[in-house]
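# Structural description and commentary
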Amino acid sequence: MRVALISDIHGNLHALQAVLEVIDGEDMDGIWCLGDTVGYGAFPNECVEIVRERADICLAGNHDLVAVGDLGISEFSELAASAARWTRGVLSEDSRAFLADLSPYRIGRRYALYHASPRDSVWEYVLSAGVASACFEAMPTPVAFVGHSHAPLHFTDRNGEIAGQVARDGQRIRLDQGRAIVNPGSVGQPRDGDVRASWCVLDTEAQEVVHRRIEYPVADASLAILEAGLPPELGERLYVGR
Ligand code: ZN
């Protein structure tokens, strides 16, 4: 089975469409979404509608939880908070109902999915070997997929030896050589200096993950943010991938 893993779409319809075009052109058996479908971008309802239709699994991210009122806006930095207020104002009843039903994690037999981390499925960033090590202790499965940090990363645990690195476009990660925590990066707001939408493909038979990037019309997504009256910084950062 080949599964596309997408995360942190953040209302960026242009980026989501570009990724889906690639997915539809390949032989994919499923789509798993790790959350933060809304927040920051100009098209929260459109992105929710697509994810609801297309994703076999969808988690709730911290931005989704704030958008539906399950978390308070005061938890956010100023920029995220003003985007959250905007998103709350435009979210349709259907979108709200869909997002309100989601959980921030899903545990399977071999794969566990968390929006943020195995220790804290909503808030913790898995960006260092130290945090990854604690997460390996907390996770019940050999493999976990996490989003939240907007950086494509993978960590491995080979008999207690923790290694981690940023994943590049086309990089293959073996899943049968120790345990692994994999982050597909962010579809709609990458923060690793690469402006392209980030995602990955899990091949359950080959037991490997391939990290992928795809260009999308950044200028259109950025302009839409400006025109929607969202903070201009949210459009500008798409040009630098930070
Ligand atoms: Zn996010």
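Residues numbered from 1 in each chain as written. Predicted model: local features only at pLDDT ≥ 70, side-chain atom pairs only at ≥ 80, totals over all residues. Heavy atoms only, no water.

### Some remarks on the state of the cysteines
For the coordinates displayed, the defined rule picks out zero disulfides. Just so you know, Cys-33 is unpaired, no disulfide at all, and the nearest cysteine sulfur is the one on Cys-58, 3.9 Å from it. Given the relative accessible area of 0%, Cys-33 is considered buried. (Disulfide = S-S within 2.5 Å. Buried < 20%, exposed > 50% of the residue type's maximum accessible area, 1.4 Å probe, protein only.)

### Observations regarding the packing of aromatic side chains
Each aromatic ring pair is specified by the distance between its two centres and by the angle formed by the two planes. What the rule picks out here adds up to three aromatic pairs. Each ring, one from Phe-76 and one from Trp-123, has its centre 6.0 Å from the other, and the planes form 80 degrees; the classification is edge-to-face. Note that Phe-76 is positioned in the loop between helix H3 (62-67) and helix H4 (78-90) and Trp-123 in the loop between strand E5 (111-114) and helix H6 (129-138), a separation of 47 residues in sequence. Judged by its relative accessible area of 28%, Trp-123 is partly exposed. Aromatic side chains Tyr-111 and Phe-145 sit 6.2 Å apart centroid to centroid with 35 degrees between the ring planes, which places their arrangement in the tilted category. Placement of the pair is Tyr-111 in strand E5 and Phe-145 in strand E6 (residues 143-146), with a sequence separation of 34 residues. The class for Phe-145 is buried, based on a relative accessible area of 0%. A network of ring pairs unites the aromatic residues Trp-32, Tyr-111 and Phe-145 as a single cluster. Directly above the ring of Tyr-40 sits Arg-237, whose terminal nitrogen or CZ lies 5.8 Å from the centroid. (Phe/Tyr/Trp six-rings, centres within 6.5 Å; stacked < 30°, edge-to-face > 60°. Helix = DSSP H or I, 4+ residues; strand = E, 2+ residues; numbered from the N terminus. Lys NZ or Arg CZ within 6 Å of the ring centre and 35° of its normal.)

### A short note on the pattern of salt bridges
Two side chains of opposite charge can pair, provided their charged atoms sit close to one another. All chains considered together, the criterion is met by 13 salt bridges. Between Glu-208 and Arg-174 there is a salt bridge; the shortest N-O distance is 3.5 Å. In this pair, Glu-208 sits in strand E12 (residues 208-214) while Arg-174 sits in strand E9 (residues 172-174), placing the two residues 34 residues apart along the sequence. The class for Glu-208 is buried, based on a relative accessible area of 12%. (Salt bridge = Lys/Arg side-chain N within 4 Å of Asp/Glu carboxyl O.)

### Things to note about the sheet that holds strand E11 (residues 197-203)
With mixed pairing, the six strands of this open sheet are ordered in space as E3-E2-E1-E11-E12-E9. Every other strand in the sheet has two partners, leaving strand E3 (57-58) and E9 as the edge strands with one partner each. As judged from the three bridges shared by E9 and E12, these two strands associate in the antiparallel manner. Counterpart to Ile-173 in the pairing with E12 is Val-209. (Pairing = 2+ DSSP bridges.)

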